[in-house]
Amino acid sequence: MTRIERVDLLGRPGPLAAAAATGPVYVVCGAKSGTVLQAVDLDGRLCWSRSLGTAGGQMRVAPDGGVWVADGGALMETTVSGTPGRRVEFSCASDERIGTFVVLPDGFLVAWTSRPYRKVRLERTDGSGASRWSAGLPDARLSYDGVVEMSAVDGWQAEPKVPWRPRDLAPERWAGLLVSADRVLATYTDWSSGIGMGFCLDLATGTLVWVTPPHPTGERAIAGQGRFLVGRQGYGAFSTWLYDRDGAVVAEWPSQGKLLVSSRGRIRVVELDNSDSSTRRVRRLHRDGSMTDGPYLPGYYTAGPVLSGDGRAAFWRDGTLQIVDPDLHVHTLYEGEGEGVDRMLLLEGGRLFFVLTRDRAEGDSALVIAATDLAPLDTGAWPCGESDLHGNPVHYE
């Protein structure tokens, strides 16, 4: 039986990341008093806790173990020891705020948004916040065949909604900003409809290279060598597209969900589909557009997956901790209670860290530590290496 330990959290759980495979593990929690950043060691002991006030949202860990979070138009650092670090201020308009960001070796990449939506832009800066380039993105006009509207003029018949300009356009939460080699993929979504667009830019210059058509946003991932996997889910869409660095679609699959890209370039997906009639599975996606089907997966909310160097993947779903072998056979390690929340970390000694919750609204959640015999984390493009542990989706070849 797999040994499971639980660490109570101080509020509603947010991002999860680690300084290294040896820890510590960081978790951001939203409490009534404000945002709290906690650090625990590999045995689940609290190292330190720091109040972040109103700052929070996405968390990124730098190579030195420092933790960065957004605070309005600035980024705020907490050092690996839990003490306040640097505060980097950016030059921005009064109605702009940081939607999401990543830490680069020489600075930051920031996805800006405005509320209500007026414009969105990406900006690359140095470590002090000085701009290297700033690129305004094209004005968004969204449409999709599955989005309909009705009015008395047409007798209350459902008709495709005419292209619209969203009132609120913001980056996707976890994978809204991805860096793969010399390319950046920023995904912005109209949260009232779930329709969004992906904008790919050159990392060195900020030049816009290609744009996806509007689509219901699903999971996205770095595929390596300037390539990206872009999922589409909702309004009847359920697919994943592989884009090359110049925007050509080189493969497409009728599948969508949590993605894994191994060090050998093999792609697996733990499917996510909120349609009750769907058959969700673990699948292998082949570069010719074909798929190998694994077993049926009940449930929806999934923590993970993570991929070990021996080809096995782990994830929590439908009240069970499961292991998927390279041949797609699934084994149950542990059965328990709670819904999996977002990410899972594979750390030293085969320890899996993830968050389970019984009530998302009330913050009834716990950080779970599971002891396994998994090999160390794989070094593939997604979500392996530093993109997984650091919660900082930047992958260089």
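Thresholds applied
Residues numbered from 1 in each chain as written. Predicted model: local features only at pLDDT ≥ 70, side-chain atom pairs only at ≥ 80, totals over all residues. Heavy atoms only, no water. Helix = DSSP H or I, 4+ residues; strand = E, 2+ residues; numbered from the N terminus. Buried < 20%, exposed > 50% of the residue type's maximum accessible area, 1.4 Å probe, protein only. Contact = heavy atoms within 4.5 Å. Areas by Shrake-Rupley, 256 points an atom, 1.4 Å probe, with all protein chains shown as cover. Lys, Arg positive; Asp, Glu negative; His and termini not counted. Charge placed at Lys NZ, Arg CZ, Asp CG, Glu CD. Core = buried A, V, L, I, M, F, W, Y, C linked by side-chain atoms within 4.5 Å. Pairing = 2+ DSSP bridges. Axes fitted to C-alpha atoms, helices over the stretch in contact; angles between N-to-C directions.

(A) Geometry of the overall build of the protein. Tallying secondary structure elements over the protein gives one helix and 36 strands in all. When its C-alpha atoms are laid out on the principal axes, the protein stretches across 60 × 50 × 45 Å. By residue count, 57% of the 397 residues in the protein fall in the buried class. Counting only contacts in the protein whose residues sit at least 6 apart along the sequence, the fraction spanning at least 24 positions is 45%. About 16200 Å² of surface is accessible on the protein, with carbon and sulfur atoms providing 49% of the total. Seen as two clouds, the 41 positive and the 49 negative side-chain charges of the protein have centres 2 Å apart.

(B) Representation of the nonpolar core within the structure. One finds M344, L352, F353 and F354 to be the most contacted residues of the largest nonpolar core, which totals 33 residues. Only strand 2 (12–18), strand 3 (25–31), strand 29 (302–307), strand 30 (313–317), strand 31 (320–324), strand 33 (339–347), strand 34 (351–359) and strand 35 (364–371) provide two or more residues apiece to this core. Those residues in contact with F354, other than ones at most four positions away along the chain, are L16, A303, W316, L321, R343, M344, A366, L367, V368 and A370. Judged by nonpolar contacts, the second largest core, of 26 residues, contains V102, L109, Y117 and F199.

(C) Spotlight on the sheet that holds strand 6 (residues 56–61). Ordered in space as 6-7-8-9, the four strands form an open sheet in which the pairing is antiparallel. Of all strands in the sheet, those with a lone pairing partner are strand 6 and strand 9 (84–89), marking the two edges. On average, adjacent strands in this sheet sit at an angle of 25° to one another, irrespective of strand direction.

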